[in-house]
Amino acid sequence: MAASSTDALQSLRPTCFTRPKIPKFTSQFLSISLPESRLPTFCTISSCKSTNSAISGSRLLVRASTTEFSANVGDLLGDISIFTAAGEPVLFKDLWDQTEGVAVVALLRHFGCPCCWELASALKESKARFDSAGVKLIVIGVGTPNKARMLAERLPFPMDCLYADPDRKVYNLLGLYYGVGRTFFNPASAKVFSRFEALQKAVKNYTIEATPDDRSGVLQQGGMFVFKGKQLLYARKDEGTGDHAPLDDVFDICCKAPVA
């Protein structure tokens, strides 16, 4: 059953309140519900600006850093097996040239996350720029290959760039954030309100059926990584839902050559 994008996204507009009820659409796409008694006192971006120094307007300042990752992270990832959107198993090390090839690896939350449809849409629009710089675009999501195909067909998104990690093997090795607090209550999640129009456009053909059958996957956060061969050049872990890496920063790392 497809969600109505216009009605659903209206429920994501920020308001300030002390004991929130999770918006209907939000609870749908995260496929999780919490009793009100378990919800902490909470404010959205309109009032959090005065209480959280990390927020400036609608932006939470998060720095990308490779320092927390071991020097051999490329080797550690290499033997992890994930799946193409067509359902074929593939080793992580076979996704790009492991000597000098440059790859942007974008890890979505899961294929039924509307914010991830927005990110996937932005990456699709940027693919020509990556291609002209000789950069391989690799997009991975939590869920089975058939869920990946739903995103690929309905967004649409090129299937040859899309991979499924149903067991969250890559996410776990990279230590990407996970849990209710990161999903619902991290201030970084408020960033999505500043991109409302882009989100609305991206979910025009959205379906909640793309959500993982294993509902534990909806609490996973994503991240953005750039590799040259096995060397990690850029790493940024999403602090919360919709807290995506600025693509300009990614381009600065991997696409410095002039684009024709």
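The structure this text deals with has already been given above.
Nothing here was measured: the structure is a model prediction, and the numbers come from that model.

Draft legend 1. Summary view of the state of the cysteines. This model, assessed by the stated rule, comprises zero disulfides. This cysteine, C116, is not joined by any disulfide, and C113 carries the nearest cysteine sulfur, 3.4 Å off. Taking the relative accessible area as the measure of exposure, C116 reaches 2% and is therefore buried.

Draft legend 2. Quick look at the sheet that holds strand β7 (residues 162-164). The seven strands are arranged β4-β3-β7-β6-β5-β8-β9 in an open sheet whose pairing can be described as mixed. Two strands lie at the open edges of the sheet, namely β4 (89-91) and β9 (231-237), each paired on one side alone. Taking the axes of each pair of neighbouring strands and ignoring which way they run, one obtains an average angle of 30° across the sheet. Relative to strand β8 (residues 223-228), strand β5 (residues 102-110) runs antiparallel, the two sharing six bridges. Bridge pairing links L107 to G223 in β8. Each of β3 (81-84), β5 and β7 touches helix α6 (residues 145-154); the most contacted strand, β7, lies at about 150° to it. Sheet strands touched by helix α10 (residues 247-254): β5, β6 (135-142), β8 and β9. Its angle to β8, the strand with the most contacts, is close to 10°.

Draft legend 3. Molecular detail of the environment of L173. Looking at the element boundaries, L173 is found in helix α7 (residues 169-174). Once the C-alpha coordinates of L173 and I80 are considered, the two residues, 93 residues apart in sequence, prove to be 9.4 Å apart. The contact partners of L173, leaving out residues within four places of it in the chain, are V73, L76, L77 and I80.

Draft legend 4. Summary view of α6. The set of residues buried in α6 consists of P145, K147, A148, L151 and A152. End-on view of α6: buried residues confined to an arc of 160°, all on one side of the axis. If you follow the buried residues of α6, they end up packed against β3, β5, α5 (114-132) and β7.

Draft legend 5. Fine view of the packing of aromatic side chains. Summed over all chains, the structure comprises five aromatic pairs. Considering the side-chain rings of F69 and F225, the 5.6 Å spacing of their centres and the 85° angle between planes classify their relative orientation as edge-to-face. In this pair, F69 is assigned in the loop between β2 (59-60) and α4 (73-78) and F225 in strand β8, connecting sequence segments 156 residues apart. In this structure, F69 and F225 share a single accessibility class: buried. An angle of 35° between the planes, with centres 5.2 Å apart, marks the rings of W96 and F227 as tilted. Of this pair, W96 sits in the loop between β4 and β5 while F227 sits in strand β8; the two residues are 131 residues apart in sequence, bridging distant segments of the chain. The exposure classification of W96 matches that of F227, with both residues buried. Ring-pair connections join several aromatic residues into one group, and the members of that group are F92, W96 and F227.

Scoring rules and cut-offs
- Residue numbers here run from 1 along each chain, matching the order of that chain's written sequence.
- Selection of residues for local features in this predicted model requires a pLDDT of at least 70, selection of side-chain atom pairs for listing and counting requires 80 or more, and totals for whole chains, interfaces and linings are taken over all residues.
- Heavy atoms throughout the structure, all of them, feed into the side-chain values; hydrogens and water do not.
- The disulfide definition used here is simple: a pair of cysteine sulfur atoms within 2.5 Å.
- A 1.4 Å probe rolled over the protein chains alone gives each residue an accessible area, and that area as a share of the maximum for its type sets the label: buried under 20%, exposed over 50%, partly exposed in between.
- Strands qualify as paired when DSSP identifies two bridges or more between them.
- Numbering of helices and strands starts at the N terminus; helices are DSSP runs of H or I of at least 4 residues and strands are runs of E of at least 2.
- Between N-to-C directions, angles cover 0 to 180 degrees, with each direction set by a line fitted to C-alpha atoms, over the stretch in contact for helices.
- Contacts between residues were defined by any pair of non-hydrogen atoms, one from each residue, lying within 4.5 Å.
- Note: the arc covers the axis-to-C-beta directions of the helix.
- Aromatic rings from Phe, Tyr and Trp, with only the six-membered ring used for Trp, were paired whenever their centres fell within 6.5 Å, and each pair was classed as stacked if the ring planes differed by under 30 degrees, edge-to-face if by over 60, and tilted otherwise.

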